Amino acid sequence: MRLDKMLSECGVASRSEVARACRKGLVLVNGAPAARPDLQVDETTAAVVYCGALVRYRKFVYLLLNKPSGYISATEDGSDPVVTDLLPPEYRRMGVFPCGRLDKYTVGLMLLTNDGDLSHRLLAPKNHVAKSYRFTCEKPLSNDEKTALEAGVDIGGYFTKPCQIELTAPCEGTITITEGKYHQIKRMLEAVDNKITFLERVTFGGIALPPDLKRGEWRELNDEELNLLKNS
Ligand code: URA
């Protein structure tokens with residue numbers, strides 16, 4: 001792989017920045033200065049040092065963010081802050097994007113990656129990947145309403161698939177769904193004449209929101225979490 005491709009793919013620098021750094025002798029490959037940005041390197045074994053820092057090549061990254069309220073699930077937006085604003089620039093340069101959407105005021109577990117295939121698999125309706133949300137609603141949910149929601153309700157011409165609800169208080173609980181229609185949970189509660197007042201995603205495909213990850217904080221997935229996701 002070309003040296004400049006390697007460095008730009010892993011978010012270290014743009015190709016023009018690599019060319020400039022090469023001219024200044026600031027890029028070392030296996031200990032020797034790289035004279036040209038098109039130098040061929042074996043990205044899996046080469047020791048590449050860019051401006052003094054050793055570079056670890058990887059094509060894909062997988063991040064877990066505790067989304068705060070008020071952020072849009074996108075990589076850019078004309079007026080509001082977006083979830084990728086919360087990440088260091090190297091991840092943005094690597095093309096990381098949110099895997100699925102949470103509404104602007106929904107908080108909690110959000111996955112971000114530049115692995116389009118995995119994201120596609122996790123979001124494909126036929127794969128029924130489970131997601132759970134802690135919710136608070138405006139009015140107490142009766143047993144009949146809970147049963148109706150669990151069986152499936154009409155959210156404007158679409159009948160939702162069966163889901164599970166665990167109530168922890170008359171107006172509070174956890175709902176687990178295996179699909180992701182637009183504003184699905186809000187619309188489900190509206191279908192039983194109620195209203196969501198708080199929504200937090202707490203699991204996605206077997207991964208749980210880590211209790212020590214504060215709102216707005218992110219970290220890379222560990223190997224165990226990544227395997228769980230890949231097998232979900
Ligand atoms: N359902 C909703 O209504 N909103 C979300 O953000 C996620 C699921």
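To keep things clear, this report deals only with the structure shown in the data block. (Residues numbered from 1 in each chain as written. Predicted model: local features only at pLDDT ≥ 70, side-chain atom pairs only at ≥ 80, totals over all residues. Heavy atoms only, no water.)

### Some words on the site of the ligand
Around the ligand, the surrounding shell consists of L102, D103, T106, Y133, H183, Q184, I185, K186 and L199. Separating an oxygen atom of the ligand from a side-chain N or O atom of T106 is a distance of 2.8 Å. Backbone polar atom of H183 to an oxygen atom of the ligand: 3.3 Å apart, as the coordinates give it. Burial of the ligand by the surrounding chains reaches 96%, relative to a free accessible area of 230 Å². Counting residues per element, the shell around the ligand draws most heavily on helix α6 (residues 184–191), at three residues. (Near = heavy atom within 4 Å. Polar contact = N/O pair within 3.5 Å; in protein donor to acceptor, adjacent residues only side chain to side chain. Areas by Shrake-Rupley, 256 points an atom, 1.4 Å probe, with all protein chains shown as cover. Helix = DSSP H or I, 4+ residues; strand = E, 2+ residues; numbered from the N terminus.)

### Details of the environment of V82
Tracing the backbone through its elements, the reader meets V82 in the loop between β5 (62–67) and α3 (89–93). Sequence separation between V82 and K104 is 22 residues; the distance between their C-alpha atoms is 9.2 Å. In contact with V82, other than residues within four places in its own chain, are Y71, I72, A74, T75, E76 and D77. (Contact = heavy atoms within 4.5 Å.)

### A few points about the pairing of strand β11 (residues 196–204)
Across two bridges, the pairing between strand β7 (residues 107–113) and β11 is parallel. Counterpart to V107 in the pairing with β11 is E200. With seven bridges connecting them, strand β8 (residues 131–137) and β11 associate as antiparallel partners. By the bridge assignment for β11, C137 is matched with I196. Hairpin connection, β11 to strand β12 (residues 207–208): the antiparallel pair is bridged by two residues, and G205 has positive phi, about 50 degrees. (Pairing = 2+ DSSP bridges.)

Functional significance is not addressed by these values, which are geometric in nature.
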